[in-house]
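One letter stands for each residue in the lines below.
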Amino acid sequence: MTDAPPERDFRLVHPAPRARRPVVPSEVIAMLVFVFTEVMFFGGLVSAHTITRSNWPMWPPPGQPRLPIEATAVNTAVLLASAGLLWLAGRRHVEGRARAPLLGAMAAGGFFVVAQGYEWVGLVREGLTMQSSTHGAFFYLIVGTHALHVLAGLGVLVALRARLAAGRLSVDEFTAGRIFWYFVVVLWPVLYWRVYL
Amino acid sequence: MSHPEHAHADHGHAAHGDHHHEMSFSEKYLFPTDHKYIAKQYMLTGMIMAVAAGFFAYAFRMQLAFPGMSVPFFGVVSPTEYNSLVTQHGSIMVFWVAMPVLIAAFGNFLIPLMIGADDMVFPRLNRLSYQLFLLSAILVVVGWFVPGGGFGGAWTSYPPLSAKAEYSLTPAGSSIWLAAVAVEFAAFLLGGINFVVTAMNARAPGMKWHDVPIVVWFICIASILFMASVGPLIAGAIMLLFDQQLGTHFFDPVAGGDPILWQHLFWFFGHPEVYVVLLPAIGICAEIIPVFARKKLFGYRAILYTGIATGVLSFFVWAHHQFVAGIDPRMANVFTITTVLISIPIAEMVFLYIATLYGGSIKFSVPMLWALSFIFCFLIGGVTGIFLGASGADIYLHDTYFVVAHFHYTFYPIAIIGTFAGVTHWFPKLFGRYMDEKLGQIHFWGTVLSFNLIFIPLFFTGLAGDHRRIYNYNNFAELGTPDLQWLRILATVALVIMLIFQVLFVYNFINSIFKGKLAPTNPWKATTLEWTTPSAQPGHGNWTPETMPSVYRGPYEYSAPGRDDDFHPQNVP
């Protein structure tokens, strides 16, 4: 080992180092990591619900009101449509025609939350509350947490809209904001399947 | 929201002349966005919380050694206070000492410096992260003083004890504690996102994935583990908070809930959490050992991949905490196998560190002593864990002091030894001065020897049947014997000695900040990028445009052949 000439590191004759160029924009990675945490959070809620549900011979427990499956199916379609409109807004952003589809996505998201609130009022009247059973508690916990996320997502869309109007919305910021809304929308059918059906 | 250019526009940013501008007091100390000051804030907050947690340990250990005695500086410990002290000691050491110091402080300080960036990608998000953390620390302290006292349902806070005020006797304390934990998780979520994005997008030109120092890798892996595991616990914490405050029955078996569910949600987070704090600590050792052995880290890629493997495996071991909670024995077998499997990557890492030492010219400086004692102590923790991971042995040992001694042999090296190793190693970079070597050596031996004296006796009391959650062993004829009581007194005396030795560290730390010998830029002749910045770093930003480093090689080129000095820094062509 002592006699061998020191190994020549080919990097000693180095080219100029590459400039710092991110592969994925920082905003987008940050949002993806955040969404990943959110997925785990909802995973926790849904699996807790599934385990509790499996302890009961029938679900919903006897004497508890049924959930409005059909009305919510329509509402689900409205929410999915809002994701489609936002996708359109993303495609048209470069051409500067994102305004109308973005407004449409916000309107559809707003309709979804209002319809959910209307549904809750009816269910509370029928006697489904957080204290009435674990069924009610999980329903309001999971659907309510999702509703808070929809409201937060609407806040994101409003902020995007304001920056778009001011002409300061970068492509990466728009992508990050849209990722959050897509997450909120795609999550809902899963929750609908686990909680309502 | 930071602009996308911010991360990699350090050159342009600096060229505009605000690179080393003088910062006002509030900009520097109250609301800093500079990663170095945020790191110091995290470190200081963690150290203050550690003093409180150490005092709590002193109070309840005194009660166990001399039951019913009026403890000096505390008074007589009542049973409720005892529960509260144990709970607060555990939760503070894990959530408000180990997490902020190891991940947040070292992550904030080291990641930008070691990858050659001027700051985090999202500096204001970073500031928000510390402010949320401070809020959570204030909340948990407030919880000690509300009517009924601080939460006393153990740091694992199992329902129904934690869910009902008539059991826990702390109606307000338990909810405040839960809220504090939740706010803290939000803080580390923001911090973790920042770490991962910064390490991905802000590396110096030329720094490839395998040129990134191990500690940066491990802090990022730990952040990912944290973010992947914390969701289910936040879900559980909300459910528990609703059980406490809204009268729901998520964990109440009488009304159709499931108390074991909480244990699964908690430990799905709780076990990866062990590796969340372990990885930064073991990463710190990976930085120190090559420097003071003057030898290349043996098996960089093997260490990196075993770190990733540990992280993945850590998600499949949690149910070893429920072996006696009535889980299916076939399931217990599966979790026994995964638990024992995880010792393989950790053992491999230890072997690779020993291989790094082999044939090196070892210098027993204070950081090196801490790093080596980390390996020694953690090894004892790992080996005793095998008995607890095996479901058969665990049925006997569950909830005894054997468990307490075991996890202190893992957490103490992580939270205390790892922190001391990191602080003493990077002190010249943190404050521009050396720490006193002699005082450091005395503090090291005093701390490590007394630590072993605390917990070795507890292995034996645990084997003799000491249950963890007992206020006064004299109430149990078979446990209140003089032989066992003598061991408990030994552990308590050793604890008091260890705490007294910490005064030496605090003195050395504060004295060295102001009066220590001035340190040069690269006092340890190390290769990584943080040693290329001026030691007392001025202002916001780490490098001037001219000195901004480019990277040509891996981080551990010691005893490099064909060079005059024995090391080859990453930024030297």
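Residues numbered from 1 in each chain as written. Chains lettered and ligands numbered in written order. Predicted model: local features only at pLDDT ≥ 70, side-chain atom pairs only at ≥ 80, totals over all residues. Heavy atoms only, no water.

Peer 1: Sorry, what's going on with the state of the cysteines here?
Peer 2: Covalent bonding between the sulfur atoms of two cysteines defines a disulfide. Residues and elements named next belong to chain B. One pass over the structure, following the stated rule, counts zero disulfides over all chains. No disulfide involves Cys220; its sulfur sits 18 Å from that of Cys285, the nearest cysteine. Among the residues examined, Cys220 registers a relative accessible area of 9% and is labelled buried. Free cysteine: Cys377, not disulfide-bonded; nearest cysteine sulfur from Cys285 at 11 Å. (Disulfide = S-S within 2.5 Å. Buried < 20%, exposed > 50% of the residue type's maximum accessible area, 1.4 Å probe, protein only.)

Peer 1: Looking at this structure, I do not really get a nonpolar patch on the surface. What am I missing?
Peer 2: Judged by side-chain polarity, A:Ile69, A:Val190, A:Trp193 and A:Leu197 come together as a nonpolar surface patch covering roughly 370 Å² of accessible area. Checked against the element boundaries, A:Val190 lands in helix α5 (residues 171-196). (Patch = residues over 30% accessible without salt bridge, like charges linked within 9 Å, V, L, I, M, F, W, Y side chains within 5 Å. Areas by Shrake-Rupley, 256 points an atom, 1.4 Å probe, with all protein chains shown as cover. Salt bridge = Lys/Arg side-chain N within 4 Å of Asp/Glu carboxyl O. Helix = DSSP H or I, 4+ residues; strand = E, 2+ residues; numbered from the N terminus.)

Peer 1: I keep staring at the layout of surface pockets and nothing clicks. Help me out?
Peer 2: Any space left empty among the atoms is revealed by the rolling of a water-sized probe across them. Each pocket or cavity is described by its volume, and for the second largest pocket that value is around 1200 Å³. A:Met31, A:Phe34, B:Leu125, B:Leu190 and B:Ile193 are, among the 37 residues lining the second largest pocket, the residues nearest its centre. Mapped by element, the contributors of at least two residues to the lining of the second largest pocket are α1 (26-54), α4 (134-165) and α5 of chain A together with α5 (123-142), α7 (171-201) and α8 (214-245) of chain B. Among the elements that take part in the lining of the second largest pocket, α4(A) stands out by supplying 10 residues, more than any other. (1 Å grid on protein atoms, 1.4 Å probe; cavity = no way out; pocket = protein on both sides within 12 Å on 5 of 7 lines; lining within 4 Å. Points joined across faces, edges and corners; volume = space filled by probe spheres on them.)

Peer 1: I keep staring at helix α10 (residues 300-313) of chain B and nothing clicks. Help me out?
Peer 2: Each α-helix winds once per 3.6 residues, and so residues spaced three or four apart point in a common direction. Residues and elements named next belong to chain B. Given a rise of 1.5 Å per residue, 14 residues ought to cover 20 Å, and the 20 Å separating the end C-alpha atoms of α10 matches this to within 8%. Tyr300, Ile303, Leu304, Thr306, Gly307, Thr310 and Gly311 are the residues of α10 that are buried. Taken around the axis of α10, the buried residues stretch over an arc of 165 degrees, which confines them to a single face. Next to the buried residues of α10 lie α8, α9 (259-293) and α12 (343-357). (Expected span 1.5 Å × (residues − 1). Arc of directions from axis to C-beta. Contact = heavy atoms within 4.5 Å.)

Peer 1: Could you clarify how one ought to interpret the packing of aromatic side chains in this entry?
Peer 2: Each aromatic ring pair is described using two quantities: the centre-to-centre distance and the angle formed by the ring planes. All names here are of chain A. Enumeration according to the criterion identifies 62 aromatic pairs over all chains in this entry. In this structure, Arg178 is placed above the aromatic ring of Phe174, and the distance from its NZ or CZ to the ring centre is 4.9 Å. A cation sits over an aromatic face here: Arg194 above Trp193, 4.8 Å from the ring centre. (Phe/Tyr/Trp six-rings, centres within 6.5 Å; stacked < 30°, edge-to-face > 60°. Lys NZ or Arg CZ within 6 Å of the ring centre and 35° of its normal.)

Peer 1: How should the environment of B:His443 be read in this particular structure?
Peer 2: Residues and elements named next belong to chain B. Along the chain, His443 falls in helix α16 (residues 437-463). Other than its neighbours up to four places away in sequence, His443 contacts Trp370, Phe420, Phe501, Gln502, Leu504 and Phe505. Of note is the side chain of His443, whose polar atom sits 2.9 Å from the side chain of Gln502. (Polar contact = N/O pair within 3.5 Å; in protein donor to acceptor, adjacent residues only side chain to side chain.)

Peer 1: Please explain the interface of chain B and chain A as it appears in this structure.
Peer 2: Often, the extent of an interface is quoted as the loss of accessible area on bringing the components together. Listed per partner, the contact involves 55 residues of chain B and 38 residues of chain A. Across the chain B-chain A interface, the total number found is four residue pairs in polar contact (both at pLDDT 80 or more). Going through the elements one at a time, α7, α8 and α9 of chain B are the ones with two or more residues in the side of chain B that touches chain A. Among the elements that take part in the side of chain B that touches chain A, α8(B) stands out by supplying 10 residues, more than any other. Among the residues forming the side of chain B that touches chain A, the class breakdown is 33 nonpolar, 16 polar and six charged. (Nonpolar A, V, L, I, M, F, W, Y, C, P; charged D, E, K, R; others polar.)

Peer 1: Any chance you could explain empty space enclosed by the protein here in plain terms?
Peer 2: Residues and elements named next belong to chain B. Taken as a whole, this structure holds five cavities of 30 Å³ or more when the rule is applied. Within this model, the largest cavity holds a volume of roughly 50 Å³. Every residue along the wall of the largest cavity is listed here: Phe95, Trp155, Ser157, Trp177, Leu178, Val181, Phe185, Leu233, Ala237, Trp262 and Phe266. Going through the elements one at a time, α7, α8 and α9 are the ones with two or more residues in the lining of the largest cavity. With four residues, α7 is the largest single contributor of residues to the lining of the largest cavity. Broken down by class, the residue content of the lining of the largest cavity amounts to 10 nonpolar, one polar and no charged.

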